[in-house]
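Working through the structure, step by step
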Amino acid sequence: MECGRQVANFGAGPAKLPRSVLLEAQKELVDYKGLGISVLEMSHRTADFTKILSTAESLLRELLNIPENYKVIFLQGGGSGQFSAVPLNLIGLKEGRHADYVVTGAWSAKAAKEAEKYAKVNIVHPKLGAYTNIPDPSTWNLNPNASYVYYCANETVHGVEFDFVPDVKGAVLVCDMSSNFLSRPVDVSKFGVIFAGAQKNVGCAGVTVVIVREDLLGFALKECPVVLDYKTQATNGSLYNTPPCYSIYIMGLVLEWIKNNGGAAAMDKLSLIKSRMIYDIIDKSNGFYVCPVEKKNRSRMNVPFRIGSIKGDEALEKKFLEKAVELNMISLKGHRSVGGIRASLYNAVTVEDVQKLATFMRSFMQMHQS
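Just so it is clear, the structure is predicted and the values come from calculations on it, not from any experiment.

**A few points about the overall build of the protein chain**
- Of the regular secondary structure elements, the protein chain holds 9 helices and 14 strands.
- Taking 370 residues into account, the globule formula puts the C-alpha radius of gyration at 21 Å, and the protein chain, at 21 Å, falls close to it.
- For the C-alpha atoms alone, the extent of the protein chain along its principal axes is close to 65 × 60 × 30 Å.
- Here the protein chain, with 370 residues, has 55% of them falling under the buried criterion.
- Mean positive and mean negative side-chain charge positions of the protein chain (42 and 36 charges, respectively) differ by 4 Å.

Okay, here's the thing in structure tokens:
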């Protein structure tokens, strides 16, 4: 059954899913492939679910060209769960329990704070006054005794994105890719661990993908909860405990959609087109729209901006959000910690959605610019 109201969803996560995926899930909800049951009520120990799980893994391996010496596991607990799991699994790689963190926004800051419970954390650059840029890697003070180096590829709150993989001189590199996962090709072999919550680019909330190099398994601290132990989960094929079955199923459908639409390279091209559309309006607005992030570090995924000035005119921003909703554009409010506006342009957000937002931004500016 077709939904009556069509909206452009610019939410930061959980985020828009491809319409074809939603329709497929709707069709299969009550009776999955003639089995007479839903995936929601299917045992995770059945051959049918094993097929769903292995299909999701093989699609991921294909789309990211994941080398054979990496395990792919599907966990619960979101990115925040991995803020704990990473140090619990990796800090034991070296005796000193040191870890290097690059802090470029709210999420890497939270990860570093959580790691302090288990590790001696070194922030590799002076504390930033504002999260508007990525400090030059040549200035980073990497600790040669660190068990790993951690960074967040894209900061959803502040709209800061790495467009490069840091050179960490052979250290174990860990990356939170939750918000730009599969939005561009990635050389997985440069990383020790990659993790990503699915609910932005590759599915719905509930499942977190962890890609871990095999030689890093088996070093978990004795106090590591068993459900967060990479080796236990990898050995059991993500079935040590009941996995988030339906979320894995939805992710499989989204991965199929990404594959059918040209893979990570095609997603990257579209991401550039979509984000440039919005940044161009901001940059040509004579200060009516202001993005605080340095141009070279701007995110293709999350575009934060203020209206009226760098500090924002709250009355104007409120008007902007209200009018956007009237025009069926939702979830454009900035994160509560920074305010303003934020447009999230994940894989399922279409060029047409972004054109609609761009047209509205132009007309709103013409109406209110003094």
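**Structural notes on the sheet that holds strand S12 (residues 302-307)**
- Strand order in the open sheet made by the 3 strands is S11-S12-S14, with antiparallel pairing throughout. Edge positions in the sheet fall to strand S11 (289-290) and strand S14 (341-344), since each has one partner strand and no second.
- For S12 and S14, the ladder comprises 4 bridges, and the chain directions are antiparallel. When the bridges of S14 are listed, Pro304 appears paired with Arg342.
- With respect to the sheet, helix H7 (residues 263-283) is in contact with S11 and S12, its orientation differing from that of S12 by roughly 20 degrees.
- Along the sheet face, helix H8 (residues 314-326) touches S11, S12 and S14 and points at about 130 degrees away from the line of S12.

**Here's the deal with the pairing of strand S10 (residues 208-213)**
- In terms of burial, S10 is largely enclosed, as 6 of its 6 residues are buried.
- Burial along S10 is two-sided: the residues Thr208, Val210 and Val212 and Val209, Ile211 and Arg213 are all buried.
- Pairing of strand S9 (residues 193-197) with S10 involves 5 bridges; the strand directions are antiparallel. Bridging from a neighbouring strand, Gly197 pairs with Thr208 of S10.

**Structural notes on the packing of aromatic side chains**
- According to the stated counting rule, one finds 19 aromatic pairs in the structure shown.
- Ring centres of Tyr246 and Tyr249 lie 5.2 Å apart, and the angle between their planes is 50 degrees; on these two criteria the pair is classed as tilted. One end of the pair, Tyr246, and the other, Tyr249, are both in helix H6 (residues 245-260), 3 residues apart, so they sit about a helical turn from each other.
- For Tyr249, a relative accessible area of 4% gives the class buried.
- Clustering of aromatic rings is evident, with ring pairs tying together Phe83, Tyr101, Trp107, Tyr148, Tyr150 and Phe195.

**Focus on the pairing of strand S2 (residues 70-75)**
- With 5 of 6 residues buried, S2 is to be regarded as a mostly interior element.
- Relative to S10, S2 is paired through 6 bridges, and the arrangement is antiparallel. In the strand pairing of S10, Ile73 is matched with Val210.

**Some words on the environment of Gly197**
- Within the secondary structure, Gly197 is located in strand S9.
- Gly197 gets classed as buried once you look at its relative accessible area, which sits at 1%.
- A C-alpha to C-alpha distance of 9.7 Å links Gly197 and Phe74, two positions 123 residues apart in sequence.
- Not counting the four nearest positions on each side in its chain, Gly197 is found in contact with Ser178, Val207 and Thr208.

**Focus on the side chain of His335**
- Residue position: His335 is located in the loop between strand S13 (329-330) and S14.
- Under the relative-accessibility criterion, His335 is labelled buried at 17%.
- A polar atom in the side chain of His335 sits 2.8 Å from the side chain of Ser337.
- Filtering out sequence-adjacent residues up to four positions away, His335 remains in contact with Val157 and Arg342.

Rules used throughout
Residues numbered from 1 in each chain as written. Predicted model: local features only at pLDDT ≥ 70, side-chain atom pairs only at ≥ 80, totals over all residues. Heavy atoms only, no water. Helix = DSSP H or I, 4+ residues; strand = E, 2+ residues; numbered from the N terminus. Rg over C-alpha atoms; globule rule 2.2 N^0.38 Å. Buried < 20%, exposed > 50% of the residue type's maximum accessible area, 1.4 Å probe, protein only. Lys, Arg positive; Asp, Glu negative; His and termini not counted. Charge placed at Lys NZ, Arg CZ, Asp CG, Glu CD. Pairing = 2+ DSSP bridges. Contact = heavy atoms within 4.5 Å. Axes fitted to C-alpha atoms, helices over the stretch in contact; angles between N-to-C directions. Phe/Tyr/Trp six-rings, centres within 6.5 Å; stacked < 30°, edge-to-face > 60°. Polar contact = N/O pair within 3.5 Å; in protein donor to acceptor, adjacent residues only side chain to side chain.

Read these as geometric descriptors, not functional statements.
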